[in-house]
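Chain residues, written in single-letter form:
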Amino acid sequence: MTVKPMTSKEVTKKIFNKEVLFILDVRNEGDFQDWKIEGENFEYLNIPYFDLLDGVEEILEQIPSDKEILVVCAKEGSSIMVAEMLSEAGLTVSYLQGGMKAWSEHLEPVKVGDLKGGGEIYQFVRIGKGCLSYMVVSNGEAALIDATRMTDIYLDYAASIGARITHVFDTHLHADHISGGRVIAEKTNATYWLPPKDAAEVTFEYSPLEGGGDVKIGETMINIHALYSPGHTVGSTSFIVDENFLLSGDILFIDSIGRPDLAGMAEDWVADLRESLYKRYRELSEELIVLPAHFMIIEELNEDGSVSEKLGTLFAKNHGLNIEDENDFRKLVTDNLPPQPNAYQEIRETNMGKINPDVEKQREMEIGPNRCAVR
Amino acid sequence: MNVDKVLDAKGLACPMPIVKTKKAINELEAGQVLEIHTTDKGAKNDLSAWAKSGGHDLLKHEEENSVLKFWIKKG
């Protein structure tokens, strides 16, 4: 019997709709524990494919008969093998098309709001890795913020809504994923903006993004106001779009805050991080809708799959914004940090233009969750 | 090192390197050493986990011009 592929897009819909799914993950135990497909109503069984080469009889009773079953592996080959064995044993199962490699690269566009003068803002949810990027569209022009290396997805999307990409921004020099900003800017002749303090070592031309600067998108003059907010990196810059949306980069997330150590400067940047979160952000309107560059846990997703919350709500509920004592804050963001993202040094060097790994190598560097936050 | 058998699994995608390794190991006696060549990057974690669960010894591994080489002693 042939087994059916399930696409990353179909799995994403199941996460957004909180559907039930039983995942048989046949990667090795270490890879599974490090990083897996997360869904609120997903159940898991991890048995490495190499323990199933002689047959699946021994695991049949661990697989439910009343739930949809998805077999997952790194690149899909092993999951097809195991899915076929299960199918021969009489089960109806699917495998994840392209495996975790495709899962890591899937982007799901979700509209997060309308702009006052006409136009929209879209969030591209990289569901497998927790990265969020944005497209601001106004009157046939578009700006991209924190774009991933899957550049065709943005280019195709912009074309599908009839918008021309004119400005590309990175809120900071990323350490967890490879930026698509420079490539998109080259392909579209857009201006590529980077905070100069993060760009000291870059090998390419860029426009320096300084706090206080404004960039206009479209004829209706959608304002992108830059706000210097160091702490995750020394150059980290937030944006206020249309006086309504706060794009917080890797400084503030929904249920966590940025970590200051990924450029090796934790102790030096703690004070900056606190200043950005506890002073600069406090001066902003609590009505602003926070749109971060990451989510860490699936519970941070809203009903429609988007990730956003009012700044006032975060001041009330986000633990990282409610630590009175400076020493306690210092401890939170420097002690007991989660492991650093896979290959984060090489990723930083790639984003600086110092090294140019091929696509296969880039995929490998980005394997795993983003880990840019502390809770 | 005394190598009893060499397995060329270059160009093969997962799960084939492990499928072939398992077959080759079955043909060896306990204590004999199998040398494996593969270009599948995922093989590194999988081979060491497989060897461990099967009671075999991964003696060493190295990378040479994007070819991964492993030496496994049958347990």
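How each quantity is defined
- Residues numbered from 1 in each chain as written.
- Chains lettered and ligands numbered in written order.
- Predicted model: local features only at pLDDT ≥ 70, side-chain atom pairs only at ≥ 80, totals over all residues.
- Helix = DSSP H or I, 4+ residues; strand = E, 2+ residues; numbered from the N terminus.
- Rg over C-alpha atoms; globule rule 2.2 N^0.38 Å.
- Buried ≥ 20, exposed ≤ 12 C-beta atoms within 10 Å, placed from the backbone.
- Contact = placed C-beta atoms within 7 Å.
- Pairing = 2+ DSSP bridges.
- Axes fitted to C-alpha atoms, helices over the stretch in contact; angles between N-to-C directions.
- Domains from an automatic or database assignment.
- Nonpolar A, V, L, I, M, F, W, Y, C, P; charged D, E, K, R; others polar.
- Parallel < 35°, antiparallel > 145°, perpendicular 65-115°, else oblique.
- Left-handed = near helix turned anticlockwise from the far one by under 90°.
- Core = buried A, V, L, I, M, F, W, Y, C linked by C-beta atoms within 7 Å.
- Expected span 1.5 Å × (residues − 1).

Caption draft 1: Spatial organisation of the overall build of chain A. Along its length, chain A carries eleven helices and 20 strands. Radius of gyration (C-alpha) of chain A: 21 Å, near the 21 Å computed for a compact globule of 375 residues. Its C-alpha atoms give chain A principal-axis dimensions of roughly 65 × 50 × 40 Å. Buried positions account for 50% of the 375 residues belonging to chain A. Taking the contacts inside chain A whose residues are at least 6 apart along the sequence as the reference set, 62% of them involve residues at least 24 apart.

Caption draft 2: Representation of the overall build of chain B in the model. When you go through chain B residue by residue, the secondary structure sums to two helices and four strands. For chain B, the succession of helices and strands along the chain, N to C, is β-α-β-α-β-β. Taken over C-alpha atoms, the radius of gyration comes to 11 Å for chain B, in line with the 11 Å a tight globule of 75 residues would show. Dimensions of chain B, computed from the C-alpha atoms along their principal axes, are close to 30 × 25 × 15 Å. Looking at chain B as a whole, 31% of its 75 residues qualify as buried. A separation of at least 24 residues holds for 60% of the contacts in chain B among residues at least 6 apart in sequence.

Caption draft 3: Just the sheet that holds strand β10 (residues 164-169) of chain A, in detail. Residues and elements named next belong to chain A. The mixed open sheet is built from seven strands, whose spatial order is β6-β7-β8-β9-β10-β11-β12. Only two strands of the sheet have a single neighbouring strand rather than two, namely β6 (108-114) and β12 (207-208). Sheet analysis places strand β9 (residues 141-145) next to β10, joined by five bridges and oriented parallel. Opposite Ala-142, over in β10, you have Ile-165 as the bridge partner. Contacts from helix α5 (residues 151-160) reach β6, β8 (131-138), β9 and β10 within the one sheet, and its direction differs from that of β8 by about 25°. Sheet strands touched by helix α6 (residues 181-188): β9, β10 and β11 (191-194). Its angle to β10, the strand with the most contacts, is close to 150°.

Caption draft 4: Up close: the domain arrangement of chain A. All names here are of chain A. The domain boundaries assigned to chain A delineate domain 1 (4-102) and domain 2 (107-374). Each of domain 1 and domain 2 has a C-alpha centre, and these two points are 32 Å apart. Opposite the nine residues of domain 1 that make contact, domain 2 presents eight residues. At three residues, helix α1 (residues 8-16) tops the list of elements feeding residues into the side of domain 1 that touches domain 2. Of the residues belonging to the side of domain 1 that touches domain 2, the class tally is three nonpolar, two polar and four charged.

Caption draft 5: Focus on the interface of chain A and chain B. Counting residues at the interface gives 15 residues for chain A, matched by 13 residues for chain B. For the side of chain A that touches chain B, the elements supplying multiple residues, two or more each, are α2 (29-34) and α3 (77-88) of chain A.

Caption draft 6: Summary view of the packing of helix α7 (residues 266-280) of chain A against helix α9 (residues 326-334) of chain A. All names here are of chain A. Direction vectors running N to C along α7 and α9 enclose 125°, while the axes themselves pass 10 Å from each other. What the angle tells us is that α7 and α9 run oblique. Crossing of α7 over α9 shows right-handed handedness. Contact residues: α7 offers Ala-266, Glu-267, Val-270, Leu-273 and Arg-274, while α9 offers Glu-326, Phe-329, Arg-330, Val-333 and Thr-334.

Caption draft 7: Focus on the nonpolar core. All names here are of chain A. In terms of nonpolar packing, the biggest core is built from 114 residues, with Val-82, Met-135, Val-136, Leu-144 and Val-168 touching the most fellow members. Counting residues per element, this core draws most heavily on β8, which supplies six residues. Here this core gathers at least three residues from each of two domains, domain 1 (4-102) and domain 2 (107-374).

Caption draft 8: Expanded view of helix α2 (residues 43-54) of chain B. With twelve residues, α2(B) extends 16 Å between its outermost C-alpha atoms, agreeing within 8% with the 16 Å of an ideal straight helix rising 1.5 Å per residue. Those residues of α2(B) that fall on the buried side of the exposure criterion are B:Ala43, B:Asp46, B:Leu47, B:Ala49, B:Trp50 and B:Ala51. Buried-residue contacts for α2(B) involve α2 of chain A together with α1 (16-26), β2 (33-38), β3 (57-64) and β4 (67-73) of chain B. A positive phi of about 80° marks B:Gly55, the residue just after α2(B).

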